Amino acid sequence: MSRRFVKLAATTGAAMALMTAMAGAATAETSTSIPAEILACHNADAPTSGGGWVHGKGWGDCPQSVDVYIQRFGWTWEVYGRAHYNGPGSAVASFNCSGSGHYTYRTLVQWRDGTGPKSAISAERRFQC
């Protein structure tokens with residue numbers, strides 16, 4: 001009984017290793033064959049801060065109606081500034097954060113295409129305002 005179990009475990013392990021290697025190869029080929037411009041029509045830049053203001057820029061090359069939001073994290077992500085552009089183009093959402101303390105901010109960009117709503121979210125930044 002134990003010899004059968006060992007043989008089964010070895011066979012199963014070899015099969016799993018082969019499937020993992022094959023899946024990794026297929027994934028790598030797929031991700032490199034898709035041009036970056038197809039993955040996202042619009043992008044969100046990480047927020048910047050200066051002079052008591054936080055700014056978040058959204059930009060893109062596709063012809064959609066696009067909303068750009070600057071969000072601040074408290075208990076949840078809340079919208080504190082909004083801008084709009086009709087792509088291709090860009091817009092900057094701003095929020096006067098003077099005297100509000102240390103918070104984490106991000107830029108959210110939202111648009112719709114033929115398949116439904118899409119979004120891009122920037123990296124987060126923490127600022128003292």
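See above for the structure.
Keep in mind that this is a model prediction, so the values were computed, not measured.

About the cut-offs
Sequence order sets the numbering: in each chain, residues are counted from 1 along the sequence as written. Totals for whole chains, interfaces and linings use every residue, but because this is a predicted model, local features are given only for residues with pLDDT of at least 70 and side-chain atom pairs only at 80 or more, for both listing and counting. Think of the side-chain values as coming from all heavy atoms in the structure, minus any hydrogens and water. Secondary structure is summarised from DSSP: a helix means a run of H or I of at least four residues, a strand means a run of E of at least two, and numbering begins at the N terminus for each. The contact definition used throughout considers only heavy atoms, calling two residues in contact when any of these lie within 4.5 Å. The definition of a polar contact used here is a pair of N or O atoms within 3.5 Å, where within protein one atom must be able to donate a hydrogen and the other to accept one, and adjacent residues in sequence count solely through side-chain atom pairs. For Phe, Tyr and Trp, rings pair up if their centres lie within 6.5 Å, where Trp contributes its six-membered ring, and each pair is then called stacked (planes under 30 degrees apart), edge-to-face (over 60) or tilted (otherwise). Three labels apply to residues, based on accessible area from a 1.4 Å probe with only protein chains included: buried if under 20% of the type maximum, exposed if over 50%, partly exposed otherwise in between. A ring is scored as having a charge over it whenever the NZ atom of a lysine or the CZ atom of an arginine sits within 6 Å of its centre and within 35 degrees of its normal. Cysteine sulfur pairs qualify as disulfides if the two atoms are within 2.5 Å. Only buried Ala, Val, Leu, Ile, Met, Phe, Trp, Tyr and Cys residues count toward a nonpolar core, and they belong to the same one when joined by side-chain atoms within 4.5 Å.

Asks: Describe in detail the environment of Y80, supporting the description with residues and values.
Replies: Inspection of the secondary structure puts Y80 in strand β5 (residues 77–86). C-alpha separation for the pair Y80 and S94, spaced 14 residues apart in sequence, amounts to 7.9 Å. When sequence neighbours within four positions are dropped, the list of residues in contact with Y80 reads I70, R72, S94 and F95. Side-chain polar atoms of Y80 contact the side chain of R72, separated by 3.0 Å.

Asks: Residue-level account of the packing of aromatic side chains, with values.
Replies: This model, assessed by the stated rule, comprises four aromatic pairs. Residues F95 and Y105 carry aromatic rings whose centres are separated by 6.5 Å and whose planes lie at 40° to one another, so their mutual orientation is tilted. Within this pair, whereas F95 is found in strand β6 (residues 89–96), its partner Y105 is found in strand β7 (residues 102–113), the two being separated by 10 residues in sequence. According to the relative accessible area criterion, F95 is buried, its value standing at 15%. Three or more aromatic residues link up through ring pairs in this structure, and these residues are Y80, F95, Y105 and F127. A cation over an aromatic ring shows up here: R72 above the ring of Y80, its NZ or CZ 4.3 Å from the ring centre.

Asks: How would you explain the state of the cysteines if you had to name every residue and give the values?
Replies: A full pass over the atoms with the stated rule returns two disulfides. C41 shares a disulfide with C62; S-S distance 2.0 Å. With the S-S bond torsion at -65°, the cross-link from C41 to C62 turns out left-handed. Residue C41 is located in the loop between α2 (36–39) and β1 (42–44), and its partner C62 is located in the loop between β3 (53–60) and β4 (65–73); the two are separated by 21 residues in the primary sequence. With a sulfur-sulfur separation of 1.9 Å, C97 is cross-linked through a disulfide to C129. One quick way to see it: the torsion about the S-S bond of C97 and C129 is about -70°, and its sign makes the bridge left-handed. Residue C97 is located in the loop between β6 and β7, and its partner C129 is located in the segment after β9 (125–128); the two are separated by 32 residues in the primary sequence.

Asks: Would you mind going over the nonpolar core in detail, with residue names and values included?
Replies: The biggest cluster of nonpolar side chains holds 17 residues, and the ones touching the most others in it are V54, V68, I70, C97, Y105, V109 and C129. Secondary structure elements with two or more residues in this core: β4, β5, β6 and β7. C129 has contacts with V54, C97, S98, G99, S100, G101 and Y105, leaving out every residue within four places of it along the chain.

Asks: Mind laying out the environment of C41, listing which residues take part and the relevant values?
Replies: You can call C41 partly exposed: its relative accessible area is 21%. In this structure, the C-alpha to C-alpha distance between C41 and P88, residues 47 residues apart in sequence, is 9.0 Å. Once residues within four sequence positions are removed from consideration, C41 is found in contact with W59, G60, D61, C62, Q64 and W111.

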